[in-house]
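Survey of secondary and tertiary structure
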Amino acid sequence: MATEVEKDHLSGVETTGHEWDGLKELNNPLPKWWLYVLYACIAWAVVYWVLYPAWPLGTTYTKGILGYSSRATLFQKMDEARQSQAQYLDAIAKTPLDQLRGNAELLNFSLAGGRTMFNENCVPCHGAGGQGGHGYPNLADDKWMWGGTLADIYQTIQHGIRADDPDTRISQMPRFGADGVLTRPQIDDTAEFVLSLTGTSTDAEAAKRGAVLFAENCVACHGDKGQGTAEVGAPALNDGIWLYGGDKKTVVETITYARGGVMPAWSKRLDDTTIKQLAVYVHELGGGK
Ligand code: HEC
Ligand code: HEC
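Residues numbered from 1 in each chain as written. Chains lettered and ligands numbered in written order. Predicted model: local features only at pLDDT ≥ 70, side-chain atom pairs only at ≥ 80, totals over all residues. Heavy atoms only, no water.

Description of the site of ligand 2
Our working rule: A molecule or strand has a residue near it when one of that residue's heavy atoms lies within 4 Å. Each polar contact in these results corresponds to two N or O atoms within 3.5 Å; when the atoms are within protein, one needs to be able to donate a hydrogen and the other to accept it, and residues that are neighboring in sequence are counted only if both atoms are side-chain atoms. Per the convention used, a helix needs a DSSP run of H or I reaching at least four residues, while a strand needs a run of E reaching at least two, with both numbered from the N terminus. By the convention adopted, Pro, Cys, Tyr, Trp, Phe, Met, Ile, Leu, Val and Ala count as nonpolar, Lys, Arg, Asp and Glu as charged, and the other residues, Gly among them, as polar.
Taken together, the neighbourhood of ligand 2 is formed by 28 residues, with Met 173, Cys 218, Cys 221, His 222 and Tyr 244 sitting nearest. Take Leu 243: an N or O atom from its main chain is 2.7 Å from an oxygen atom of ligand 2. Note that an oxygen atom of ligand 2 is positioned 2.5 Å from one of the side-chain N or O atoms of Tyr 244. Among the elements of the structure, helix H7 (184–196), helix H9 (219–222) and helix H10 (248–257) are those that each provide at least two residues to the shell around ligand 2. Tallied by class, residues from the shell around ligand 2 come to 16 nonpolar, ten polar and two charged.

Structural data, given as structure tokens:
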């Protein structure tokens, strides 16, 4: 059945014969630019199929003549990274702790590695950036309870403080109140003296009486001026930095019941190279000595 080609009577263009509610579709040719873009895309696709992996073939695929594989590239890059890391880790393992900082490359590598390990292991207690919190010392300032040299920090990390480790750092402040060494009024006086070291005492008479008690009971660990003693991890009481709090109530509580912060030992959990990097990182954080 021969159909007659119908023409739109306004534009004279042929119609396709499709009609919706009296609207007829005109059979205009596709624009040239559109066609060229289409051909260019087809040509590009063919070139791409030839050069790069493209068509699935059951369990494998066409590899393309360039042999490109993002998987292989990734493995190669990972391998390179591992090799260069291994080289640094090896050098760190062989370099004595006190010489690590003298080598700019090893120092940078240790700082980067130390930061990662610090974020993974130490931040829960010491806070992001090591700023500390109640009962957890700030590692980013230059005040140290147990010493701030690289070797001190290394030993602290390795063996911990009051930790389950035969070489752990250990000391115990006596429980002056709980064990009846000092009476409640004596503890009050000693606390006033402790506060006077940072100029926050409100009772000069009590502080004066407290000075005598401090000399008898506290200087052995905290020093004659309250400057602290690193050998026993006794913090300075005259610098305004408080691990547990510097208000009267807290100081009275500390003298009554004492304190004994525990820092885990890491030598069983982390290898020596990692602990070295951590020590370098912590030392660099603030005031390493
Ligand atoms: C479970 C909590 C905890 C974790 C985790 C922890 N620490 Fe500690 N750390 C402490 C406490 C508590 C102290 C203070 C102990 C005391 O009172 O003497 C301390 C003390 C220290 C000190 C001594 C500070 C000084 O003033 O002498 C260093 C250095 C230190 N930590 C480093 C680290 C590093 C590095 C890590 C991660 C590998 C780490 N800590 C993980 C709780 C923790
Ligand atoms: C055997 C040593 C020793 C003696 C003696 C001692 N202390 Fe301490 N003191 C420590 C140690 C160690 C700490 C830190 C405890 C910790 O880190 O958890 C400490 C902590 C403190 C703190 C907490 C400081 C802070 O930053 O929050 C105060 C306050 C304090 N002592 C006061 C005294 C006073 C006052 C006396 C004497 C009546 C005294 N101590 C006697 C070892 C001692």
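Comments concerning the coordination of the iron atom of ligand 2
The condition that has to hold: Shown as donors are all N, O and S atoms within 2.8 Å of a metal ion, widened to 3.2 Å for Na, K and Ca; because water is not in the atom set, sites may appear incomplete. Square planar and octahedral assignments, for four and six donors respectively, both demand that opposite donors be over 155 degrees apart and that all other angles lie between 65 and 115; tetrahedral needs four donors with all angles between 85 and 135 degrees, and anything else is irregular.
Coordination of the iron atom of ligand 2 by the protein involves Met 173 (SD) and His 222 (NE2), with metal-donor separations of 2.0 to 2.3 Å. Note that the iron atom of ligand 2 binds six donor atoms; their angles at the metal cover 87 to 179°, and the shape is octahedral. Remark: His 222 occurs in helix H9 and Met 173 occurs in the loop between helix H6 (150–159) and H7; sequence separation between them is 49 residues.

Description of the pattern of salt bridges
Rules: A carboxyl oxygen of Asp or Glu within 4 Å of a side-chain nitrogen of Lys or Arg is what we treat as a salt bridge.
Applying the stated criterion across every chain yields a total of ten salt bridges. Between Asp 179 and Arg 175 there is a salt bridge, with its nearest N and O atoms 3.1 Å apart. A salt bridge links Glu 192 to Lys 248, with the nearest nitrogen and oxygen atoms 2.9 Å apart. Of the two residues, Glu 192 sits in helix H7 while Lys 248 sits in helix H10, which places them 56 residues apart along the sequence.

Brief notes about the nonpolar core
Keep this limit in mind: Residues belong to a common nonpolar core when they are buried Ala, Val, Leu, Ile, Met, Phe, Trp, Tyr or Cys residues joined through side-chain atoms within 4.5 Å. Throughout this description, buried means an accessible area under 20% of the type-specific maximum (1.4 Å probe, protein chains only), exposed means over 50%, and partly exposed covers the range between. Throughout, a contact is declared for two residues whenever any of their heavy atoms are within 4.5 Å.
Of all hydrophobic cores here, the largest spans 29 residues; its most connected members are Phe 118, Ile 157, Leu 278 and Val 282. Put simply, the parts of the chain that give this core at least two residues each are helix H3 (97–100), helix H4 (104–121), H6 and helix H11 (272–285). Excluding residues that lie within four positions of it along the chain, Phe 118 makes contacts with Val 123, His 126, Gly 127, Gly 130, Leu 139, Leu 278, Tyr 281, Val 282 and Leu 285. Judged by nonpolar contacts, the second largest core, of 14 residues, contains Ile 187, Val 194, Cys 218 and Val 252.

Here we look at the pairing of strand E1 (residues 15–20)
Heads up, the condition is: Two strands qualify as a pair provided DSSP detects at least 2 bridges between them.
In the sheet, E1 pairs with strand E2 (residues 23–26) via three bridges, with the strands oriented antiparallel. By the bridge assignment, Glu 19 is partnered in E2 with Lys 24. Hairpin connection between E1 and E2: a loop of two residues separates the two successive antiparallel strands, and Asp 21 in this loop has a positive phi of roughly 45°.

Thoughts on the coordination of the iron atom of ligand 1
Looking at the metal site, the iron atom of ligand 1 is ligated by His 126 (NE2) and Met 263 (SD), spaced 2.0 to 2.1 Å from it. One can describe the site at the iron atom of ligand 1 as octahedral: its six donor atoms subtend angles covering 87 to 179° at the metal. Of this pair, His 126 sits in helix H5 (residues 123–126) while Met 263 sits in the loop between H10 and H11, and the two are 137 residues apart along the sequence. In this structure, His 126 and Met 263 share a single accessibility class: buried.

Side note on the packing of H7 against helix H8 (residues 204–217)
The test is simple: Interaxial angles span 0 to 180 degrees and are taken between N-to-C directions of axes, which are lines fitted to C-alpha atoms, for helices over the stretch in contact. Each angle gets one of four labels, with under 35 degrees taken as roughly parallel, over 145 as roughly antiparallel, 65 to 115 as roughly perpendicular, and the rest as oblique.
The interhelical angle for the contact between H7 and H8, taken along N-to-C directions, is 95°, at an axis separation of 7 Å. With respect to H8, the axis of H7 lies roughly perpendicular. Contacts from Gln 186, Asp 189, Thr 190, Glu 192, Phe 193, Val 194 and Ser 196 in H7 reach Ala 206, Ala 207, Arg 209, Gly 210, Ala 211, Leu 213 and Phe 214 in H8. Class assignment for the residues of the contact of H7 with H8 results in seven nonpolar, four polar and three charged.

Section: H10
For H10, the complete set of buried residues consists of Thr 250, Val 251, Val 252, Thr 254, Ile 255 and Thr 256. Summarising the contacts, the buried residues of H10 are in contact with H7. After H10 finishes, the residue Ala 258 shows a positive phi value of roughly 65°.

Considerations on the site of ligand 1
By nearness alone, 24 residues border ligand 1, and Cys 122, Cys 125, His 126, Met 145 and Met 263 come closest of all. Within the side chain of His 126, one N or O atom sits 2.8 Å away from a nitrogen atom of ligand 1. The separation between an oxygen atom of ligand 1 and a polar side-chain atom of Arg 162 is 3.5 Å. Of the residues forming the shell around ligand 1, the biggest block, three residues, is contributed by H6. Residues belonging to the shell around ligand 1 are distributed by class as follows: 18 nonpolar, five polar and one charged.

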